[in-house]
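If you want the building blocks of each chain, they are given just below.
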Amino acid sequence: SIGDRRLSSALVRLMELDIDRVPTGEATVARLVDDEDPWVSRLARRVIEGGTELPETSRTLGDLETMLVLRRVPLFEGLDPEDLQRIAMHSTEHLYPAGEALVREGDIGDSIIVIVEGSVQVEKAEPDGTERMIRTYEHGDHIGELAVLREAPRAATVVAQEGGVRGLVIEGESLRAILRERPDAARRGWTAGNDTT
């Protein structure tokens, strides 16, 4: 059901491993340096350079971690690693406390925000001045796609919920450059979105 024959056979081997014969973390990382997947190889080298212990999750993402986050977002999953790296290099991590607006309705938008941690609520102003809740977004979702594509004002306000939000802010010009250079791969991801901001 995975679809990728290499990946499914690797998972089957993993499930069949004799737990007493599993190599140590150090041996595994050393072996992964020569892996044919450039993502795995690069991550293994980074672990070795920083010591043999796997890095703990931190509040700040490096380029590689950012690429891995972006790769899991449907909007970007069709892009090549080189394109993801370009986007990662032009993204900025930002922490939003609970109650803070990530974007405001009516503002001109030129960035997309990928939610790394936390959740947000999308609110739309009604003619009587009240705010109507439209929907929520969570980890892995993105906001702001339509404003970037159309270079138009934000259609709604997006507010960080309890516990705050950690997001990756990606500038629109970087995304538009990728769209111009890789229209087929990018179109698959951009049409998968269902953005309201």
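The rules behind these values
Residues numbered from 1 in each chain as written. Predicted model: local features only at pLDDT ≥ 70, side-chain atom pairs only at ≥ 80, totals over all residues. Heavy atoms only, no water. Pairing = 2+ DSSP bridges. Helix = DSSP H or I, 4+ residues; strand = E, 2+ residues; numbered from the N terminus. Contact = heavy atoms within 4.5 Å. Axes fitted to C-alpha atoms, helices over the stretch in contact; angles between N-to-C directions. Buried < 20%, exposed > 50% of the residue type's maximum accessible area, 1.4 Å probe, protein only. Polar contact = N/O pair within 3.5 Å; in protein donor to acceptor, adjacent residues only side chain to side chain. pLDDT = per-residue confidence, 0-100.

Visitor: Would you mind showing me how to read the sheet that holds strand β3 (residues 111-117) here?
Guide: Adjacent strands of a sheet form backbone hydrogen bonds with each other and so pair up, either parallel or antiparallel. Taken in spatial order, the four strands line up as β1-β8-β3-β6 in an open sheet, and their pairing is antiparallel. Strand pairing shows two members of the sheet lacking a second neighbour, β1 (91-96) and β6 (142-143), which therefore form its edges. The sheet contact formed by β3 and strand β8 (residues 165-171) spans six bridges and is antiparallel. From the neighbouring strand, Val114 faces β8, where its bridge partner is Leu168. Each of β3 and β8 touches helix α7 (residues 172-181); the most contacted strand, β8, lies at about 55 degrees to it.

Visitor: In this structure, what is going on with the sheet that holds strand β4 (residues 120-125)? I would like to understand it.
Guide: Taking strand neighbours across the sheet as the criterion, the four strands line up as β2-β7-β4-β5 in an open arrangement whose pairing is antiparallel. Each end of this open sheet is capped by a strand with a single partner; those strands are β2 (101-103) and β5 (131-137). Sheet twist, expressed as the mean angle between neighbouring strand axes with direction ignored, is 35 degrees. Looking at chain direction, β4 and strand β7 (residues 157-160) are connected through four bridges and run antiparallel. Across the sheet, residue Val122 finds its bridge partner in β7, namely Val158.

Visitor: Help me out: how do you make sense of the environment of Gly99 in this one?
Guide: Among the structural elements, Gly99 can be located in the loop between β1 and β2. In this structure Gly99 comes out as exposed when scored by relative accessible area, which is 55%. For the pair Gly99 and Val120, spaced 21 residues apart in the sequence, the C-alpha separation amounts to 9.2 Å. If we ignore the near neighbours within four places in the chain, the residues touching Gly99 are Val159 and Ala160.

Visitor: It is not clear to me how the pairing of β5 should be interpreted in this structure. Could you clarify?
Guide: A regular strand places its side chains so that they alternate between the two faces of the sheet. Bridge analysis of β4 against β5 gives six bridges, and the strand direction is antiparallel. Residue pairing for β5: Gln121 is matched across the bridge by Thr136. Connecting β4 to the next strand, β5, in antiparallel fashion are five residues, including Gly129 with a positive phi near 95 degrees.

Visitor: Sorry if this is basic, but what is going on with the side chain of Gln121 here?
Guide: Its place among the elements puts Gln121 in strand β4. A distance of 3.0 Å separates polar atoms of two side chains, one belonging to Gln121 and the other to Glu123. Beyond its immediate chain neighbours, meaning those up to four positions away, Gln121 contacts Met133, Arg135, Thr136, Thr157, Val158, Val159 and Gln161.

Visitor: When you look at the confidence of the model for the protein in this model, what are you seeing that I'm missing?
Guide: Should the pLDDT be low somewhere, the predicted coordinates at that spot are not to be read in detail. Overall, the prediction assigns the protein a mean pLDDT of 76, with 68% of residues at 70 or greater. Put simply, helix α8 (residues 183-192) is where the protein has its lowest mean pLDDT, 55, and β7 is where it has its highest, 95. In the model, residues 51-59 has pLDDT below 50 throughout and makes 11 contacts with residues more than four positions away in sequence or in other chains.

Visitor: What's the story with the environment of Arg86 in this structure? I'm lost.
Guide: Inspection of the secondary structure assignment puts Arg86 in helix α5 (residues 81-89). The class of Arg86 is partly exposed, set by a relative accessible area of 31%. Spatially, the C-alpha atoms of Arg86 and Asp63 are 9.3 Å apart, while their sequence positions differ by 23 residues. Those residues in contact with Arg86 that lie beyond four places of it in its chain are Ala177, Ile178 and Glu181.

Visitor: Is there a simple way to think about α7 in this case?
Guide: Three- or four-residue spacings in an α-helix give side chains the same orientation, since the helix completes a turn every 3.6 residues. Most of α7 is tucked away: seven of the 10 residues are buried. Inspection of α7 places Gly172, Ser174, Leu175, Arg176, Ala177, Ile178 and Leu179 among the buried residues, and these make up the whole buried set.

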